[in-house]
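Here is how the chains run, residue by residue.
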Amino acid sequence: KQEVTQIPAALSVPEGENLVLNCSFTDSAIYNLQWFRQDPGKGLTSLLLIQSSQREQTSGRLNASLDKSSGRSTLYIAASQPGDSATYLCAVIEYGNKLVFGAGTILRVKS
Amino acid sequence: DGGITQSPKYLFRKEGQNVTLSCEQNLNHDAMYWYRQDPGQGLRLIYYSQIVNDFQKGDIAEGYSVSREKKESFPLTVTSAQKNPTAFYLCASSQGFSYEQYFGPGTRLTVT
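Residues numbered from 1 in each chain as written. Chains lettered and ligands numbered in written order. Predicted model: local features only at pLDDT ≥ 70, side-chain atom pairs only at ≥ 80, totals over all residues. Heavy atoms only, no water.

Trainee: Provide a residue-level description of the nonpolar core, including the pertinent values.
Mentor: Side chains of nonpolar character tend, in soluble globular proteins, to be buried together. Counting 23 residues, the largest nonpolar core has L33, W35 and L75 of chain A as its most contacted members. Only β3 (19–25), β4 (32–38), β5 (44–51), β7 (62–67), β8 (72–77), β9 (86–94) and β11 (105–110) of chain A provide two or more residues apiece to this core. The residues touching L33 of chain A, leaving out its near neighbours within four places in the chain, are C23, F25, L48, L49, I50, L66, S73, C90, A91, V92 and I93 of chain A. Judged by nonpolar contacts, the second largest core, of 20 residues, contains I4, L21, L76 and A87 of chain B. (Core = buried A, V, L, I, M, F, W, Y, C linked by side-chain atoms within 4.5 Å. Buried < 20%, exposed > 50% of the residue type's maximum accessible area, 1.4 Å probe, protein only. Helix = DSSP H or I, 4+ residues; strand = E, 2+ residues; numbered from the N terminus. Contact = heavy atoms within 4.5 Å.)

Trainee: Account for the sheet that holds strand β8 (residues 76–78) of chain B, with residues named and values stated.
Mentor: Residues and elements named next belong to chain B. Strands sit in the order β1-β3-β8-β7 across an open sheet of four strands; the sheet is antiparallel. One side of each edge strand has no neighbouring strand; the edge strands of this open sheet are β1 (4–7) and β7 (64–66). Geometrically, the sheet is characterised by an average inter-axis angle of 20° between neighbouring strands, direction not taken into account. Where strand β3 (residues 19–25) lies against β8, three bridges are found, and the strand directions are antiparallel. Looking at the pairing, V19 lines up with V78 of β8. (Pairing = 2+ DSSP bridges. Axes fitted to C-alpha atoms, helices over the stretch in contact; angles between N-to-C directions.)

Trainee: Quick rundown of the pattern of salt bridges? Include the residues and the values.
Mentor: Residues and elements named next belong to chain B. Under the defined criterion, the tally for this structure stands at five salt bridges over all chains. D30 is the partner of K71 in a salt bridge, and the nearest nitrogen-oxygen pair spans 3.3 Å. Placement of K71 in the loop between β7 and β8 and of D30 in the loop between β3 and β4 (31–37) is noted, with a sequence separation of 41 residues between them. We classify K71 as partly exposed; its relative accessible area is 26%. Relative accessible area serves as the criterion here: at 33%, D30 is assigned to the partly exposed category. (Salt bridge = Lys/Arg side-chain N within 4 Å of Asp/Glu carboxyl O.)

Trainee: Account for the interface of chain B and chain A, naming residues and giving values.
Mentor: Accessible area lost when the parts come together is the quantity often used to give the size of an interface. Across the contact, 25 residues belong to chain B and 20 residues belong to chain A. Taken together, both faces of the contact between chain B and chain A bury some 1,700 Å²; the carbon and sulfur share is 54%. Along the contact surface separating chain B from chain A lie zero salt bridges. Counting across the chain B and chain A interface gives four residue pairs in polar contact (both at pLDDT 80 or more). When residues of the side of chain B that touches chain A are assigned to their parent elements, the largest contribution, four residues, is made by strand β5 (residues 43–51) of chain B. Split into classes, the residues belonging to the side of chain B that touches chain A amount to eleven nonpolar, ten polar and four charged. (Buried area = accessible area lost by both parts, 1.4 Å probe. Polar contact = N/O pair within 3.5 Å; in protein donor to acceptor, adjacent residues only side chain to side chain. Nonpolar A, V, L, I, M, F, W, Y, C, P; charged D, E, K, R; others polar.)

None of this, on its own, says anything about what the molecule does.
As structure tokens, then:
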């Protein structure tokens, strides 16, 4: 059974820092991997979707990488801002478009 | 304005009562999904539907039921058989297989 782990569980950084969030998964037979952002009490906003044939995706200050063979993905956030404060969720996408989620990393960017 | 709507945002019920959560999408997506989120945990899949009049159980379907009579609607019923129904429930939809899922704003259900 697929298990997704996110490290660290929580992170607090000063504004302007570059940071890396980690996601690992136990079964490399995935189709895609997706990173989401969730604000308190809200739904999920998709940040980046990496297809299994890709190694990375970029959107603005965000860069996500995928290494299927090692079962790892990283989300890199450049020049962090207080508005980046949220919970970041990683999900692997399996057959049938089923998402298996990690527990998330709670990020706080201090001004 | 295209998107996914879930209503209500907050729902309170007494133990032993069934309750139905609404999920509607106007994105013309074929597939729809229901997830449950508990504090400090990731989302877990309850049910999903790839096409109208068809749905499959997810990882935690016990105590829940769904229907998919219309493409745009996928209501979730939390029955009295669900032992711990208090949670945040999220609905999602996607254009089809291997397409990106889009999420609604969620419904917070509290059962006392």
